[in-house]
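# Analysis of the macromolecular model
Next come the chains, spelled out residue by residue.
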Amino acid sequence: MGQKITQKELIIKYLKDFGSISSWEAYAELGITQLGARIFELKEKGYVFKKERVKRLNRYGREIAFDKYSLAEVGA
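Residues numbered from 1 in each chain as written. Predicted model: local features only at pLDDT ≥ 70, side-chain atom pairs only at ≥ 80, totals over all residues. Heavy atoms only, no water.

Between helix α1 (residues 7-18) and helix α3 (residues 35-44), whose axes approach to 10 Å, the crossing angle comes to 90 degrees. Judged on the interaxial angle alone, α3 and α1 are roughly perpendicular. Residues Gln7, Lys8, Ile11 and Ile12 of α1 form the contact with α3, whose own contacting residues are Leu35, Arg38, Ile39, Glu41 and Leu42. A breakdown of the residues in the contact of α1 with α3 according to their chemical character gives five nonpolar, one polar and three charged. (Axes fitted to C-alpha atoms, helices over the stretch in contact; angles between N-to-C directions. Helix = DSSP H or I, 4+ residues; strand = E, 2+ residues; numbered from the N terminus. Parallel < 35°, antiparallel > 145°, perpendicular 65-115°, else oblique. Contact = heavy atoms within 4.5 Å. Nonpolar A, V, L, I, M, F, W, Y, C, P; charged D, E, K, R; others polar.)

Right, here's the structure in full:
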């Protein structure tokens, strides 16, 4: 059997393929429920991220906010 891909590897692949990821995308697309914890672990490994605070209205018209992460250009 092949080696199982880790959640952190899935996140990096998703970021490279799609440019950014939110906690909803991490859950819906990858089955990852604690994106912030995985981002923290990736930072400890040397990855650098940009974090954008996004605001939207939920289905009940209430404003919600969440973080959206992307890989930062190192040295930029």
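Scanning the model with the defined rule gives four aromatic pairs in all. With 6.1 Å between their ring centres and 50 degrees between their planes, Trp24 and Tyr27 make a pair best called tilted. With Trp24 and Tyr27 both in helix α2 (residues 23-30) and three residues apart, the pair spans about one turn of that helix. For Tyr27, a relative accessible area of 47% gives the class partly exposed. Between Tyr47 and Phe49, the ring centres sit 6.4 Å apart and the planes meet at 35 degrees, which makes this aromatic pair tilted. Among the residues examined, Tyr47 registers a relative accessible area of 35% and is labelled partly exposed. On the basis of relative accessibility, which here comes to 12%, the residue Phe49 falls in the buried class. Every member of this aromatic cluster is reached through a ring pair, and the members are Tyr47, Phe49 and Tyr69. (Phe/Tyr/Trp six-rings, centres within 6.5 Å; stacked < 30°, edge-to-face > 60°. Buried < 20%, exposed > 50% of the residue type's maximum accessible area, 1.4 Å probe, protein only.)

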